[in-house]
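Structural characterization, general
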Amino acid sequence: MEAKTPNESKAIMTDLVLPSETNPLNNLFGGELLARMDRAASIAARRHSRRITVTASVNHVAFNKTVPLGSVLTVEAKISRAFRTSMEVFIDVWMEDRFSGERTKANEAIYTFVAVDDAGNPTLVPPLKPETDLEKERYAGALRRKQLSLVLAGKMDPHDATELKALFLD
Ligand SMILES: CC(C)(COP(=O)(O)OP(=O)(O)OC[C@H]1O[C@@H](n2cnc3c(N)ncnc32)[C@H](O)[C@@H]1OP(=O)(O)O)[C@@H](O)C(=O)NCCC(=O)NCCS
């Protein structure tokens, strides 16, 4: 299969934060943000694989900033690495200032999606060819994040997580 670039999978979703999506402090409810990120990441994974894709794992979420009611929120998702049948997706969340229009980074997350066939069986995906420095950096760290996720899920023996172990031994 021919390699694709992260930009070919890029998915951008912009939407308002409405009252039904906030907590009692009038800030965006965390579960709502998780759902928005899941949708954008799912589109990115589909664009990369051109297959049905399912969320296998939420590897990391950082709710760094509160997102107030009425905010314009942009969720950007791109594939950061493709393995055999799974894909790591990086999601960056931006908030737009109401007056200046300036964007600030609000949150970020990393999800894993798996491409499946019509019967739900994992199926091969094209490799990823990172282009920018940031894409290369995310690509390089993806294997150890995959191993960490598999170890935590009880699907990999920690002794086999060589890339992950190297992080602590270096
Ligand atoms: C995701 C799913 C297809 C994986 O099936 P499986 O039988 O574990 O298949 P495999 O063991 O062959 O794993 C398939 C790939 O997923 C990866 N994977 C599985 N669990 C993972 C996890 N927790 N974290 C990271 N990667 C994971 C495997 O490493 C493998 O990757 P690779 O082929 O690129 O090396 C299956 O568990 C599933 O359908 N889960 C439900 C998905 C779903 O409904 N999501 C929405 C939740 S509401």
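On a predicted model such as this, the values are computed, not experimentally measured, just so you know.

Describing the packing of helix α2 (residues 133–152) against helix α3 (residues 162–169)
- One way to put it is that α2 packs onto α3 with a least axis distance of 7 Å and a crossing angle of 105°. Looking at the two axes, α2 sits roughly perpendicular to α3. Along its contact with α2, which presents L143, R144, Q147, L148 and V151, the element α3 presents E163, L164 and L167.
- Looking at side-chain class alone, the contact of α2 with α3 contains five nonpolar, one polar and two charged residues.

What about the site of the ligand?
- Taken together, the neighbourhood of the ligand is formed by 18 residues, with F83, R84, T85, S86 and S149 sitting nearest.
- The leading source of residues in the shell around the ligand is strand β2 (residues 52–62), at four residues.
- Of the residues contributing to the shell around the ligand, the split by class is eight nonpolar, seven polar and three charged.

As for the nonpolar core
- M37, A41, V89 and I91 are the most contacted members of the largest nonpolar core, which totals 33 residues.
- When residues of this core are traced back to their parent elements, those giving at least two are α1 (30–49), β3 (72–82), β4 (86–96), β5 (103–116) and α2.
- Those residues within four positions of A41 in sequence are excluded, and the remaining contacts are A77, V89, I91, Y111 and F113.

Description of the UniProt feature "domain: HotDog ACOT-type" (unreviewed entry) in the protein chain
- The UniProt entry lists residues 7–119 under the feature "domain: HotDog ACOT-type" (unreviewed entry), expressed in the numbering used here.
- With 18% helix and 47% strand, residues 7–119 has its two end C-alpha atoms placed 29 Å apart.

Looking at unusual backbone geometry
- Positive phi, normally seen in glycine, also occurs at N26, with a value near 65°.
- Of note, R50 is a non-glycine position whose phi angle comes to about 55°, a positive value.
- Within the secondary structure, R50 sits in the loop between α1 and β2.
- Accessibility expressed as a C-beta count within 10 Å gives 11 for R50, which makes it exposed.

Thoughts on the sheet that holds β2
- The strand order β1-β3-β4-β5-β2 describes an open sheet built from five strands, whose pairing is antiparallel. Only two strands of the sheet have a single neighbouring strand rather than two, namely β1 (11–16) and β2. Across the sheet, the mean angle from the axis of one strand to that of its neighbour is 25°, orientation sign disregarded.
- Summarising the sheet, β2 and β5 pair through nine bridges and their orientation is antiparallel. Counted as the bridge partner of A62 is E108 from β5.
- Sitting on the sheet, α1 is in contact with β1, β2, β3, β4 and β5, with an inclination near 40° to β3.
- Here α2 sits on the sheet in contact with β2, β3, β4 and β5, set at roughly 85° to β3.

Observations concerning the environment of R138
- Here R138 shows up in helix α2.
- It is 9.4 Å that separates the C-alpha atoms of R138 and E88, two residues lying 50 residues apart in sequence.
- When near neighbours in sequence (up to four residues on either side) are disregarded, R138 contacts S80 and F90.

Cut-offs and rules
Residues numbered from 1 in each chain as written. Predicted model: local features only at pLDDT ≥ 70, side-chain atom pairs only at ≥ 80, totals over all residues. Axes fitted to C-alpha atoms, helices over the stretch in contact; angles between N-to-C directions. Helix = DSSP H or I, 4+ residues; strand = E, 2+ residues; numbered from the N terminus. Parallel < 35°, antiparallel > 145°, perpendicular 65-115°, else oblique. Contact = placed C-beta atoms within 7 Å. Nonpolar A, V, L, I, M, F, W, Y, C, P; charged D, E, K, R; others polar. Near = placed C-beta within 6 Å. Core = buried A, V, L, I, M, F, W, Y, C linked by C-beta atoms within 7 Å. Buried ≥ 20, exposed ≤ 12 C-beta atoms within 10 Å, placed from the backbone. UniProt positions renumbered as here; feature names shortened; annotations may be inferred. Pairing = 2+ DSSP bridges.

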